Amino acid sequence: MLVSYNWLKDYLGEDLPSVDEVVELLTFHAFEIEGTEKVGGDTQIEVNVLPDRASSCLSHRGIALELAVLLNKPLVVDQLKDETELPVLDDFKIEIEDKADCSRFMLALMEGVKVGPSPKWLKERLETLGQRSINNIVDATNYVMFGLGQPMHVYDSDTFSKKDDKWNFVIRRAKAGEIVKLLPEKTGAEDREVDLKGTELLVVNGESDQAVALAGIKGGTYAGLHEGTTNIILEAANFNSTLTRKTARALGILTDASKRFENEVSSTLPPYAMRTIVELITEIASGELKGVSDQYPMVQAESVVTVHPDRVNKVLGLSLEESFMKDVLFRLGAEISESESGWLVTAPKERVDLTIEENYIDEIGRIYGLSNIVSITPENLPLAEINANHYYSEKIRKILGELGFSEVMTSSFRKKDQIHLQNALASDKEYLRSSIIPAIEEALALNIQNVDILGLRDVRMFEIGTVFTKDDKGKAREHVVLTIGARVKKTGYSAKDDVIVNEAIKALIEAGLEIGVGAKQGICETNLDKLISALPEPTKYEPNVPLSDITYKPFSVYPAIVRDIAMWVPENTDIDSIGRILKDGAGELCERITLFDEFAKDGRISYAFRLVFQSYEKTLTDDEVEPYMAAVYRAVEKAGFDTR
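Report follows, based on the coordinates. (Residues numbered from 1 in each chain as written. Predicted model: local features only at pLDDT ≥ 70, side-chain atom pairs only at ≥ 80, totals over all residues. Heavy atoms only, no water.)

**Quick look at the sheet that holds strand β11 (residues 210-214)**
Here is step 1 of the chain: On the basis of which strands lie adjacent, the open sheet formed by 5 strands has the order β4-β7-β10-β11-β12 and mixed pairing. Lying at the two open borders of the sheet, with one neighbouring strand each, are β4 (92-96) and β12 (218-219). (Pairing = 2+ DSSP bridges. Helix = DSSP H or I, 4+ residues; strand = E, 2+ residues; numbered from the N terminus.)

**Thoughts on helix α6 (residues 136-148)**
Here is step 1 of the chain: Compared with the 18 Å implied by 1.5 Å per residue over 13 residues, the 18 Å span of α6 between its first and last C-alpha is a close match.
Here is step 2 of the chain: With 13 of 13 residues buried, α6 lies mostly within the body of the structure.
Here is step 3 of the chain: Here α6 starts with a cap whose side-chain oxygen sits 3.0 Å from the backbone nitrogen of Ile137, and that cap is Asn135.
Here is step 4 of the chain: Taken from the residues just after α6, Gly149 is the one with a positive phi, measuring 90 degrees. (Expected span 1.5 Å × (residues − 1). Buried < 20%, exposed > 50% of the residue type's maximum accessible area, 1.4 Å probe, protein only. Polar contact = N/O pair within 3.5 Å; in protein donor to acceptor, adjacent residues only side chain to side chain.)

**Thoughts on the pattern of salt bridges**
Here is step 1 of the chain: Following the criterion strictly, the structure yields 42 salt bridges and no others.
Here is step 2 of the chain: The salt bridge involving Asp452 is made with Lys490; its shortest N-O contact spans 3.0 Å. Placement of the pair is Asp452 in helix α15 (residues 451-454) and Lys490 in the loop between β23 (476-487) and α16 (495-510), with a sequence separation of 38 residues.
Here is step 3 of the chain: Since its relative accessible area comes to 40%, Lys490 is described here as partly exposed.
Here is step 4 of the chain: Note that Arg610 and Asp452 form a salt bridge whose closest N and O atoms lie 3.1 Å from each other. (Salt bridge = Lys/Arg side-chain N within 4 Å of Asp/Glu carboxyl O.)

**Observations concerning the layout of surface pockets**
Here is step 1 of the chain: Space inside the largest pocket adds up to approximately 1,200 Å³.
Here is step 2 of the chain: What lines the largest pocket is a set of 41 residues, and nearest its centre among them are Ile134, Val138, Asn142, Leu183 and Lys218.
Here is step 3 of the chain: Where the lining of the largest pocket is concerned, the elements lending two or more residues are α6, β6 (152-156), β11, β12, β13 (232-239) and α8 (256-261).
Here is step 4 of the chain: Per-element tally for the lining of the largest pocket: the top contributor is α6, with 4 residues.
Here is step 5 of the chain: Each pocket or cavity is described by its volume, and for the second largest pocket that value is around 1,000 Å³.
Here is step 6 of the chain: What lines the second largest pocket is a set of 43 residues, among which Thr268, Pro348, Lys349, Glu350 and Arg351 lie closest to the centre.
Here is step 7 of the chain: Of all the secondary-structure elements, those providing two or more residues to the lining of the second largest pocket are α4 (60-71), β5 (102-113), β13 and α11 (322-332).
Here is step 8 of the chain: Among the elements that make up the lining of the second largest pocket, the one with the highest residue count is α4 (4 residues).
Here is step 9 of the chain: A class-by-class count of the residues in the lining of the second largest pocket yields 17 nonpolar, 13 polar and 13 charged. (1 Å grid on protein atoms, 1.4 Å probe; cavity = no way out; pocket = protein on both sides within 12 Å on 5 of 7 lines; lining within 4 Å. Points joined across faces, edges and corners; volume = space filled by probe spheres on them. Nonpolar A, V, L, I, M, F, W, Y, C, P; charged D, E, K, R; others polar.)

**Overview of empty space enclosed by the protein**
Here is step 1 of the chain: Using the criterion set out here, one finds 3 cavities of 30 Å³ or more in the structure.
Here is step 2 of the chain: The computed volume of the largest cavity comes to approximately 110 Å³.
Here is step 3 of the chain: When residues of the lining of the largest cavity are traced back to their parent elements, those giving at least two are α3 (54-57) and α4.
Here is step 4 of the chain: Of the residues forming the lining of the largest cavity, the biggest block, 3 residues, is contributed by α3.
Here is step 5 of the chain: Of the residues contributing to the lining of the largest cavity, the split by class is 6 nonpolar, 5 polar and 3 charged.

**With respect to the packing of aromatic side chains**
Here is step 1 of the chain: Inspection of every chain in the model, using the stated rule, returns 16 aromatic pairs.
Here is step 2 of the chain: Centre to centre, the rings of Trp121 and Tyr143 are 5.4 Å apart; their planes meet at 85 degrees, and the pair counts as edge-to-face. On the criterion of sequence distance, the pair formed by Trp121 in helix α5 (residues 120-128) and Tyr143 in helix α6 is long-range, its members being 22 residues apart.
Here is step 3 of the chain: Relative to Tyr222, the ring of Phe160 has its centre 5.1 Å away and its plane inclined at 80 degrees; by these criteria the two rings are edge-to-face. Pair noted here: Phe160 is in the loop between β6 and β7 (167-173) and Tyr222 is in the loop between β12 and β13, with a separation of 62 residues, a long-range link.
Here is step 4 of the chain: Overall, the relative accessible area of 2% leaves Phe160 in the buried class.
Here is step 5 of the chain: Here a set of aromatic residues connected by ring pairs shows up, and it is made of Phe92, Phe105, Tyr155, Phe160, Trp167, Phe169 and Tyr222.
Here is step 6 of the chain: The residue whose ring lies beneath Arg610 is Phe596, and the NZ or CZ to ring-centre distance is 4.5 Å. (Phe/Tyr/Trp six-rings, centres within 6.5 Å; stacked < 30°, edge-to-face > 60°. Lys NZ or Arg CZ within 6 Å of the ring centre and 35° of its normal.)

**A word on the packing of α11 against helix α12 (residues 357-368)**
Here is step 1 of the chain: Relative orientation of the contacting elements α11 and α12 amounts to 100 degrees, with a least axis distance of 10 Å. As summarised for this structure, α11 and α12 are arranged roughly perpendicular, according to the angle between their axes. Residues Phe324, Met325, Val328, Leu329, Arg331 and Leu332 of α11 touch α12, and the partners they reach there are Tyr360, Glu363, Ile364, Ile367 and Tyr368.
Here is step 2 of the chain: Counted by class, the contact of α11 with α12 contains 9 nonpolar, no polar and 2 charged residues. (Axes fitted to C-alpha atoms, helices over the stretch in contact; angles between N-to-C directions. Parallel < 35°, antiparallel > 145°, perpendicular 65-115°, else oblique. Contact = heavy atoms within 4.5 Å.)

**Re the sheet that holds strand β27 (residues 604-613)**
Here is step 1 of the chain: What the 4 strands build is an open sheet, ordered β26-β27-β25-β28; its pairing is antiparallel. Edge positions in the open sheet fall to β26 (590-601) and β28 (642-643), since each of these has one partner strand only.
Here is step 2 of the chain: Against the sheet, helix α18 (residues 575-586) contacts β25 (561-570), β26 and β27, and its axis sits at roughly 35 degrees relative to β27.
Here is step 3 of the chain: Packing against the sheet, helix α19 (residues 622-638) makes contact with β25, β27 and β28, and its axis sits at approximately 10 degrees to β25.

**Observations regarding a nonpolar patch on the surface**
Here is step 1 of the chain: The grouping of Leu547, Ile550 and Tyr552 at the surface amounts to a nonpolar patch, some 430 Å² of accessible area in total.
Here is step 2 of the chain: By the element assignment, Ile550 lies in the loop between α17 (528-533) and β25. (Patch = residues over 30% accessible without salt bridge, like charges linked within 9 Å, V, L, I, M, F, W, Y side chains within 5 Å. Areas by Shrake-Rupley, 256 points an atom, 1.4 Å probe, with all protein chains shown as cover.)

**Brief notes about unusual backbone geometry**
Here is step 1 of the chain: The phi dihedral of Asp165 is positive, around 65 degrees, even though this residue is not glycine.
Here is step 2 of the chain: Backbone geometry at Asp209 places phi at a positive 60 degrees, although glycine is not the residue there.
Here is step 3 of the chain: Note on placement: Asp209 falls in the loop between β10 (201-205) and β11.
Here is step 4 of the chain: Judged by relative accessible area, which is 34%, Asp209 ranks as partly exposed.

Structure representation (structure tokens):
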């Protein structure tokens, strides 16, 4: 979520700490910060709000409240502090077909508004969030959504037809084949018509049964605002989170509104949002509120949880004072009462995520500072049993690793195979694999192309993984297999592939692992579950020898250029000195030098080296590499070696 630093000041006052201090506070107690950027006279802060906090923190008030808790200071402005008292209007008829789909639907009528450009301060606030100003009314709805987290929509009441002198709003599921015309995704884009399947939720004009909005996701073009609009209907509702998420993803329409509804925004917000937007529109577009109508069939229940101070300390491994815990809960906006079993804690209305004791323990821990909790190394406990599968799998890994094989983990899903998934992740992953061989074949074919940059003469891989098959009765079965593969040539299978794999099989057999298969087309696969079940039960694990220090670095995404050079050198020539001569001549673009051939003849030795050139910034050309190779040849000849 993009956050305006100046907007946070509205909630916390001018003494809000600097941007860097705000970033540090949020990073160490609440959210990861993706970055900051100056936008005009403001600073944009990109906050990574995770789903567990998205219900209340996809808003500036939510982020400001987090800072207020951490800074132990109250909000200067808080739209949720005082209860709302808005006049009731009898000009609306609201019919909610299923309260599970829509727990609340609130409307307000304002008359005498003037649609026009937004004031400068409002444009700047939206621009800081990467939003384009449309007009003062639409901008006001966006301002309330980004401020309080409550999505809103607005209609031109004069073009919204009535029935029995009332505006009729129906919230119902779509009919199969029904069409809704939606507002464009961006300013300047065309309207969008969406064919519906019948599972979606709609806001409908009850007079004409015409869909006017895709509930919770996108408003429709019906009764849209124009420059001459003077009377408007404002909508603030609460729609089912799961239904919103499924519909948005099925239609591929992900909006700021759907993102908030699918994270279960509190249904207590609409009156506060309505009061805020009425005040804002009155200020920037004139107009007068005539009244509101509020259908609230599924009232949000108060969340009361018993919190035990001793359990808080036990779970966190701390010895916090009860007064500190209470202070944190008060700062969060919770109410506390004493009971015989512990503290009865009532969550603030917008915190629908505080439903169990662990939620409060987590809150106390992060406000205290997880970085303040000292790690404790657990005591060594004797193993109750030795896991044969783990023991023998590790033994196989060690043997194959020493033979130059790399362990890979390929996808368990295939485009075609025996067992079809009911809910596939993607169209090319609809089946469970019955063998790992196809995946290893693909991996070998891909990786053999990079053998030069890897400094290898061949590619060797293995995988220990689960496969899924059907038995004679069609019932799904699964077991673990070991698959070993090798590839020597970039052009495909070679008989040498079988030699490498069979040598690996031989090494496993000599270690007591009777692999009952041989290499075929450079690959073998065996039922590891069956193999291990026939082996003796291990009595203890082998000592774990730590690896030497390894340094990792990112690899270049650009293709490499390969050049070979062969030369005659005297028999007593130090091979390392030849490598240094080549490296000095090849320059910084030379990523690797590999000796790939040597033989002796007539008192001399012939060495052949492969030089790999690669850039981290671009794709190299032959013309860029040739000067370096010319330098290599000059260095070799200067050293007195005869190139071939």
